[in-house]
Amino acid sequence: MGTKTAAILLTACLLLSACTATKPDSVDSSNSAKDQSSVSSPKANSKQADSDEQQTVSKTNTQTDKTDAQSNGTADSTTAATNKMYHLDKAYNVIPNQQGAEKKVVLLTFDDGPKEAVMINKIIDILDKHKAKAIFFVNGYRVKEHPELLKLIHDRGQPIGNHSWDHIVLKNKSEAEVKKQIETVQKIVKDTTGQAPVFFRPPHGAGGDVGRKVAKENGLLYMTWSVGSLDWTMRKSQPHKTETLLKNVTEQLHPGSNILMHELPWTAEALDSLLTRLEQKGYQFVDPQSIEVPASS
């Protein structure tokens, strides 16, 4: 080999050695470190995603709960406003407001109380057994004597009606006297139970035009009755009172009957048999709260 050739080979070897000595991973390693610092690990990403999802779900649930609550409130309010399925006609019968509402119904009512806790509880126990509600038309002087009995009726979930203060014939009284008789009962019932009555029945069924006017001014639905049990004509010594009461009611019975009864021992005694017989005849017991009442003036 010539000297010139050897020199060329030596130069080539030195250049090759310099190229292989450079580290190719040095720059990449630096970039990789930067990349890792800016990207979380899969586990960290999963935790963050779970946290974000929980926050999103929590917010969504909270919004849904609020929406549901608002929706339920609106529905309850709407139901309360539109659930008046019946009204009373001029003969004080219960009449459906719309097609499809049950026609074969009766309204149960008890006058002249509140009298005795034992009798009241017995009557309401029977009403509860038959899933029935009744209007208890009370006199103010009796409520004044025994407010705890009025509270008993209210606490057991039965509607309370206004039967005037003194149980007197109102139709020939002055407007001032009629107002006193009706409005003092409104006040004492509200003061005792927290709710004023919305139903008014004049004693002896005689309220007259003035009674109707004052009742309407107080937002009260004026009514007498369309079926009388005649329990008030009976005496303690009279035999067969239960069968007599059943006969009196069933002979007059018709769809929409507004049945007048009283807080009397024999009525309480006959009540279970009466309600059973009515059910057997296909009648249902209308909830007084489903009956339209006038707005107060």
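Calculation notes
- Residues numbered from 1 in each chain as written.
- Predicted model: local features only at pLDDT ≥ 70, side-chain atom pairs only at ≥ 80, totals over all residues.
- Heavy atoms only, no water.
- Core = buried A, V, L, I, M, F, W, Y, C linked by side-chain atoms within 4.5 Å.
- Buried < 20%, exposed > 50% of the residue type's maximum accessible area, 1.4 Å probe, protein only.
- Helix = DSSP H or I, 4+ residues; strand = E, 2+ residues; numbered from the N terminus.
- Contact = heavy atoms within 4.5 Å.
- Polar contact = N/O pair within 3.5 Å; in protein donor to acceptor, adjacent residues only side chain to side chain.
- Phe/Tyr/Trp six-rings, centres within 6.5 Å; stacked < 30°, edge-to-face > 60°.
- Axes fitted to C-alpha atoms, helices over the stretch in contact; angles between N-to-C directions.
- Parallel < 35°, antiparallel > 145°, perpendicular 65-115°, else oblique.
- Left-handed = near helix turned anticlockwise from the far one by under 90°.
- Nonpolar A, V, L, I, M, F, W, Y, C, P; charged D, E, K, R; others polar.

Trainee: Explain the nonpolar core to me, and be specific about the residues and the numbers.
Mentor: Of all hydrophobic cores here, the largest spans 41 residues; its most connected members are Leu108, Leu127 and Leu278. When residues of this core are assigned to their parent elements, the largest contribution, seven residues, is made by helix 10 (residues 265–280). Once residues within four sequence positions are removed from consideration, Leu108 is found in contact with Leu127, Ala132, Lys133, Ala134, Ile135, Ile259, Met261, Leu275 and Phe285. Counting residues in hydrophobic clusters, the runner-up holds 22 residues, among them Tyr86, Leu170, Leu220 and Leu221.

Trainee: Let's hear about the side chain of Gln158: which residues, and what values?
Mentor: Mapped onto the secondary structure, Gln158 falls in the loop between helix 6 (147–155) and strand 5 (160–162). Within the local environment of Gln158, its side chain forms a polar contact with the backbone nitrogen of Ala134, the two atoms lying 2.8 Å apart. With sequence-adjacent residues up to four places away left out, Gln158 is seen in contact with Ile124, Leu127, Asp128, Ala132, Lys133, Ala134, Phe136 and Ile153.

Trainee: Lay out the packing of aromatic side chains with the relevant residues and their values.
Mentor: All chains considered together, the criterion is met by four aromatic pairs. Taken together, a centroid distance of 6.4 Å and an interplanar angle of 45 degrees make the contact between Tyr92 and Tyr222 tilted. With Tyr92 in the loop between strand 1 (86–88) and strand 2 (94–96) and Tyr222 in strand 7 (residues 221–222), this pair connects stretches of sequence that are 130 residues apart. We classify Tyr92 as buried; its relative accessible area is 11%. Assessed through its relative accessible area of 10%, Tyr222 is described here as buried.

Trainee: Break down the packing of helix 9 (residues 241–252) against helix 10 for me, with residues and values.
Mentor: Where helix 9 contacts helix 10, the two axes come as close as 9 Å, and the packing angle between them is 50 degrees. Between helix 9 and helix 10, the crossing angle belongs to the class labelled oblique. Here helix 9 runs over helix 10; the crossing is right-handed. Along its contact with helix 9, which presents Lys241, Thr242, Glu243, Leu245, Leu246, Val249 and Thr250, the element helix 10 presents Trp266, Thr267, Glu269, Ala270, Ser273, Leu274 and Arg277. Class assignment for the residues of the contact of helix 9 with helix 10 results in six nonpolar, four polar and four charged.

Trainee: Before we move on, could you go through the packing of helix 4 (residues 117–129) against helix 10 and cite the residues and values that matter?
Mentor: Where helix 4 meets helix 10, the closest approach of the two axes is 9 Å, and the angle between their N-to-C directions is 5 degrees. Between helix 4 and helix 10, the interaxial angle falls into the category roughly parallel. Side by side, helix 4 and helix 10 meet where Met119, Lys122, Ile123, Ile126, Leu127 and Lys129 of the first sit next to Pro265, Ala268, Glu269, Leu271, Asp272 and Leu275 of the second. Class assignment for the residues of the contact of helix 4 with helix 10 results in eight nonpolar, no polar and four charged.

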